[in-house]
Amino acid sequence: MKSCEYQQIDPRALSVSPQSAQSHPETKAQRPRRKWEVFPGKNRFFCDGRIILSSHSGVLPLTLGLIVVTCGLFFAFDCPFLVEHLTVFIPVIGGVLCMFVILSLLRTSFTDPGILPRATPDEATDIEKQIDTSGSSSYRPPPRTKEILINQQVVKLKYCFTCKMFRPPRTSHCSLCDNCVERFDHHCPWVGNCVGKRNYRFFYSFIISLSFLTSFIFGCVITHLTLRSQSGKSLIQAIQESPASVVELVICFFSVWSILGLSGFHTYLVASNLTTNEDIKGSWSSKRSAEDSGNPYTYSSIIKNCCATLCGPMPPSLIDRRGLCLLKRRPLLHTLQRSSCLRSQPRMTQTWRRTVRTSLCPAQPEGAPCWFMCTQSTKDVLERMLYSSDFHTVCPMGPSKTTPLGLEVPGSMGPPRAPAICPRHAIPESAGNSCTTCGRSRKDSLHSINPAFRLASPSPSLTRANMALSDTQEDGFIPFS
Amino acid sequence: MDKKTHSLQELQTPPASSKIFIQRDYGSGTICRFHTKLPSELESRVDKQQFEETMQTLNNLYAEAEKLGGRSYLEGCLACLTAYTVFLCLETHYEKVLKKISRYIKDQNEKIYAPRGILFTDPIERGLRVVEVTIFEDRSIGSGR
């Protein structure tokens, strides 16, 4: 093995390169953005990412309004009479139920239902490679499924074209929110959010407590009107004395049946460890194949199913809304200033250790500067490899082999003979000639510019380098194009 | 066009990196569990038993986080009684175990895998979908993926 010369790159020097500053206007530092600001799904965020809501908030304001108005009328018009004639516990119980309902509703609406973050470009490419072994690509491949065994039962996993991954079992893609949600139950317009793994228990407690509240208010209003009409007055007179009670009566009458019905339905789902989605589709119905008709997720005990669904451990949010994105910059130009015509090669072990050691900084959301440095050092290594003057010795692939594997990459189908610009020196390269400054050939420019190259499978060295570089895109870096 | 591979020494280039992804194992249901089989790309770098031990420990830690037992039921009931406001103040058991997992992965990286040019990424950073293993290569690029 040749002895290699170790050349350390000072990260501080990279940021003060005058040539890069003038060659691209975005090199100055920007405010680090939080991940919720660049979230790809159709969600709205409040309180700097602490609260998440679907963009289709449906009739959540109506739901809240109905509950608040009904409870307000109840406390204002019915409670004084009932406290006087019955007991003081009526408004207390009403108050507790009302609080519980509103808190559960808000918790259901503002909680991440179990959104799965989309696959990184590297993951997507990896999955594509496993699927598309033939190498040919069509505009839209046929639906992809993968069969797995869960508790001795065959379950089909579908590929999500939006999120670029095989959906885990019980996960479904909500078209309204444009997210894959774990243990997807349904998208509820009344709460303005999907109901999934993380907020199902809140939703269930909301509908159960709302059933109690509605029934309680309904019962109290009937009692109120009955007591009024018993003291020598007719019902009409009683209604005239307390018109608000009629309003409450109407609201409660029409909602109590649907809410009680919904509560009963969801109690059945909880007891059998099913989701609304599975029940509607009849995934585990006995009418289907006689052999594999059982629900593979049930614990075969109602109590255990209930406990698992409602009292199980609270899974964390996977989307890291408040984590920081890396600053957008053009790392290639910075690195190129330092590595122009770099022919030496860092000592392998030292580079590994330096790269890996700096990459070991825990990727905490608030530790962005640390992570920035970690990724930067790794990327420097890879970029030097790509743009060193010896790059042209890696044999380039012809245009046909840079066809992407069915992934949507902007500009991926660009003409193979597009005018190329030497990325190092921003000097246009004429056809057939190489950059006069660094000897970089045109073919190399094609590979670096064509983003499809990252996704296709040319020579292995370029694949890895570009795949690693594609991380820069994921992390907020703008690749040179 | 020809597809050739060149050894790194010929190119005189710094080490490249590649990534492999260890997928979830859904054989036991939706609990968080990863395949423990050593991928072929790592066969030359890592001892099979060591790798399996790492993955099995990770699986055990995730199982501990998701365990249905007295503690999780108590936590669930307490949360229900407080209208789920208790989660705003307290850290859940799951979150505590996730921190433990982060520390474990960091520890394994530092002690065992980094000297071999391998880096494990915490699965929580990938939405608990995959365990991403980055391989830093210094030899012929023809090896691996």
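Model, not experiment: these values are computed from the prediction.

Caption draft 1: Layout of the sheet that holds strand 5 (residues 153-160) of chain A. All names here are of chain A. Spatial strand order, 4-5-6: three strands in an open sheet with antiparallel pairing. Taken across any chain shown, the strands that pair with only one partner, and hence form the sheet edges, are strand 4 (145-150) and strand 6 (165-166). Here strand 4 runs beside strand 5; their pairing, made up of six bridges, is antiparallel. Note that in strand 5 the partner of Leu149 across the bridge is Val154.

Caption draft 2: Geometry of the UniProt feature "transmembrane region" (unreviewed entry) in chain A. Following the UniProt record, the feature "transmembrane region" (unreviewed entry) maps to residues 59-77, 89-106 and 202-227 of chain A here. As annotated, residues 59-77 of chain A comprises 95% helix and 0% strand, and the C-alpha atoms at either end are separated by 27 Å.

Caption draft 3: Main features of the pairing of strand 3 (residues 130-136) of chain B. Residues and elements named next belong to chain B. Here strand 3 lies mainly inside the structure; seven of its seven residues are buried. Side-chain alternation along strand 3 places Val130, Glu132, Thr134 and Phe136 on one buried face and Val131, Val133 and Ile135 on a second face that is also buried. Here strand 1 (residues 17-23) runs beside strand 3; their pairing, made up of seven bridges, is antiparallel. Within the sheet, the bridge partner assigned to Ile22 lies in strand 3 and is Val131. Pairing of strand 2 (residues 118-120) with strand 3, which is carried by three bridges, proceeds in the antiparallel orientation. The partner of Phe120 across the bridge, within strand 3, is Val133.

Caption draft 4: Representation of the environment of Ile319 of chain A within the structure. Residues and elements named next belong to chain A. Of note, Ile319 is situated in the loop between helix 10 (302-310) and helix 11 (331-339). Using a relative accessible area of 8% as the deciding quantity, one classes Ile319 as buried. Sequence-wise, Ile319 and Leu116 are 203 residues apart; in three dimensions their C-alpha atoms are separated by 6.7 Å. Apart from the residues lying within four places of it in its own chain, the contact partners of Ile319 are Phe39, Ile52, Asp112, Ile115 and Pro117.

Definitions and cut-offs
- Residues numbered from 1 in each chain as written.
- Chains lettered and ligands numbered in written order.
- Predicted model: local features only at pLDDT ≥ 70, side-chain atom pairs only at ≥ 80, totals over all residues.
- Heavy atoms only, no water.
- Pairing = 2+ DSSP bridges.
- Helix = DSSP H or I, 4+ residues; strand = E, 2+ residues; numbered from the N terminus.
- UniProt positions renumbered as here; feature names shortened; annotations may be inferred.
- Buried < 20%, exposed > 50% of the residue type's maximum accessible area, 1.4 Å probe, protein only.
- Contact = heavy atoms within 4.5 Å.

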